[in-house]
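Read off the chains here:
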Amino acid sequence: MSPSRVLVLNSGSSSVKYQLLDMRDHSRLATGLVERIGEQTSRLKHTALTTGDTREYNGPIADHQAALKAVAEELARDGLGLESTELAAIGHRVVHGGMFFTEPTVIDDAVLTEIERLIPVAPLHNPANLTGIRTAMALRPDLPQVAVFDTAFHTTMPESAARYAIDPKIADRLRIRRYGFHGTSHAYVSRATAGLLGKAPQELNVIVLHLGNGASASAVRGGRCVDTSMGLTPLEGLVMGTRSGDLDPAVIFHLERVGGMSMDEIDTLLNKRSGLFGLCGDNDMREIQRRIDEGDREARLAFDIYIHRLKKYIGAYYAVLGRVDAVAFTAGVGENAAAVRAAAVAGLEELGLAVDDGLNAVRGDAPRLISPASARVAVAVVPTDEELEIATQTYALVGKDD
Ligand code: ADP
């Protein structure tokens, strides 16, 4: 039998998340996380889903190489080691693929060089992704390694949506354009929404609202992305946990000229200290809802600003698509916060959008409709699964049928 397992690696600057899946039945064999790499207080948490065993290691893990070695050892203890002949490939999440990578790609030296060339547009993410890839390649040089890009799904955006209204010569020289992110999730959720409605993706126009700590919306026409709310970087668009999303670019000049802040300080302010956190001191929607229930006005205003922006994007993407068949909520907030879903579509009945309070209150892991049966547009909760999507795309590229 040909190998059917795929290890999915998501390497951040100080963390590695991983999942081992069997693509014959999409079952998960193991999952885990290494965090605070490079500190004294690193932590590895590993769960073997074959046995239900969870193990935790606390102590220094010096770098990504040590982290991956530790992961490999944990997998080996469950008989799932990286040397196993059942492993078909390793799939890597890569945040920025620029315009170059429109598809998942088997990694070779030329691919590594191109991911490296994109570091100026993804200074935080691509170096960490590269470290993960290089370490995994050193551990299993004979195994296909596949890069799955967060930006790839959005490369179908027309130029009218992807370009900023600035001098194209400057834009092209510096590769300034709207790339979009969370593409793996938007791809998975738009397809799963079609599945939920018993339609082919080609038949459906969907607005996907990925509302996690980072948040983005996309307009998907017939399975292809035609607009998305994140841009050159993940800072543009919706109000997020700690990112401001859209603002007048002149706010940046003002912060520098009048506020005396440095560019690095402004970068930190807008990416790490804004959004819900900047508005009310909390970025967790659960905490914000708790505070609202207690009558907290700061939390209420933060929620209202978040919803106002979300609603504006629903309206904008309705106009972009012309006809909308479904709106899908996903990620931590989208899957769990019924109040956010209800508020986001409240008042949009004229557009055919409504939520049934009873259905909206139901919790669960399965994709589900929350709009009334009579509604013109299906409103759905569709849990995302970026790891499964990365594994599926990886396996499609390297897997051989028995
Ligand atoms: P990311 O992958 O971007 O870190 P997630 O998609 O895991 O984020 O979403 C995390 C966010 O989801 C949390 O910050 C919190 O705001 C929200 N969240 C998680 N569970 C709930 C819940 N039960 N109710 C409301 N919000 C929730």
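Residues numbered from 1 in each chain as written. Predicted model: local features only at pLDDT ≥ 70, side-chain atom pairs only at ≥ 80, totals over all residues. Heavy atoms only, no water.

Operational definition: UniProt positions are given in the numbering used here, feature names are shortened, and annotations may be inferred rather than shown by experiment.
An unreviewed UniProt entry lists the protein under the name Acetate kinase, with Streptomyces glomeratus as the source organism. Under the UniProt heading Subunit (unreviewed entry), the note attached to the protein is "Homodimer."

### Considerations on the overall build of the protein
Rules: Helix and strand assignments come from DSSP, with helices taken as H or I runs of at least 4 residues and strands as E runs of at least 2, each series counted from the N terminus. Every radius of gyration here is taken over C-alpha atoms, with the globule rule written as 2.2 Å times N^0.38, N being the number of residues. Accessibility here uses a 1.4 Å probe with only protein chains present; expressed as a share of the type maximum, an area under 20% marks a residue as buried, one over 50% as exposed, and anything in between as partly exposed. Residues counted as positive are Lys and Arg, residues counted as negative are Asp and Glu, and His and the chain ends are not counted. By convention, the point assigned to a charge is CZ for Arg, NZ for Lys, CD for Glu and CG for Asp.
Looking only at helices and strands, the protein features 15 helices and 14 strands. The C-alpha radius of gyration of the protein comes to 21 Å, within 12% of the 21 Å expected for a compact globule of 402 residues. Across its three principal directions, the C-alpha atoms of the protein cover 55 × 55 × 45 Å. The burial tally for the protein puts 50% of its 402 residues in the buried class. Across the protein, 42 positive and 52 negative side-chain charges occur, with their mean positions spaced 3 Å apart.

### Section: the sheet that holds strand 6 (residues 87-94)
Heads up, the rule is: Criterion used throughout: strands pair if DSSP finds at least two bridges between them.
The mixed open sheet is built from eight strands, whose spatial order is 5-4-3-2-1-6-8-7. Whereas interior strands pair on both sides, the edge strands pair on one side only; in this sheet they are strand 5 (53-58) and strand 7 (105-106). With seven bridges connecting them, strand 2 (residues 16-22) and strand 3 (residues 27-35) associate as antiparallel partners. Bridge assignment links valine 16 to a residue of strand 3, and that residue is valine 34.

### A word on the pairing of strand 4 (residues 43-48)
Of the pairings in the sheet, the one linking strand 3 to strand 4 comprises six bridges and is antiparallel in character. Its bridge partner lying in strand 4, threonine 31 is registered against threonine 47. For strand 4 and strand 5, the ladder comprises six bridges, and the chain directions are antiparallel. When the sheet's bridge partners are listed, arginine 43 is paired in strand 5 with asparagine 58. Linking two consecutive strands that pair antiparallel, namely strand 4 and strand 5, is a turn of four residues; a positive phi of about 85° is found at glycine 52 within it.

### Things to note about the packing of helix 2 (residues 109-117) against helix 3 (residues 125-139)
A packed helix pair is summarised by two numbers, namely the angle formed by the two axes and the spacing between the axes. Selection criterion: Note on definitions: angles span 0 to 180 degrees between N-to-C directions of axes, and those axes are lines fitted to C-alpha atoms, for helices only across the stretch in contact. When an angle is under 35 degrees it counts as roughly parallel; over 145 it counts as roughly antiparallel; between 65 and 115 it counts as roughly perpendicular; any other value is oblique. Helix crossings get a hand from a simple test, with the near helix turned counterclockwise from the far one by less than a right angle marking a left-handed crossing and a clockwise turn marking a right-handed one. The criterion used for residue contact is that any of the two residues' heavy atoms lie within 4.5 Å. Each residue gets one label: Ala, Val, Leu, Ile, Met, Phe, Trp, Tyr, Cys and Pro are nonpolar, Asp, Glu, Lys and Arg are charged, and the others, such as Gly, are polar.
Packing of helix 2 against helix 3 leaves a shortest axis separation of 9 Å and a crossing angle of 160°. The orientation of helix 2 with respect to helix 3, classified from their angle, is roughly antiparallel. For the pair helix 2 and helix 3, the sense of crossing is left-handed. Together, Leu112, Ile115 and Glu116 of helix 2 and Asn126, Leu130, Ile133, Arg134 and Met137 of helix 3 make up the contact between the two elements. A per-class count over the contact of helix 2 with helix 3 returns five nonpolar, one polar and two charged.

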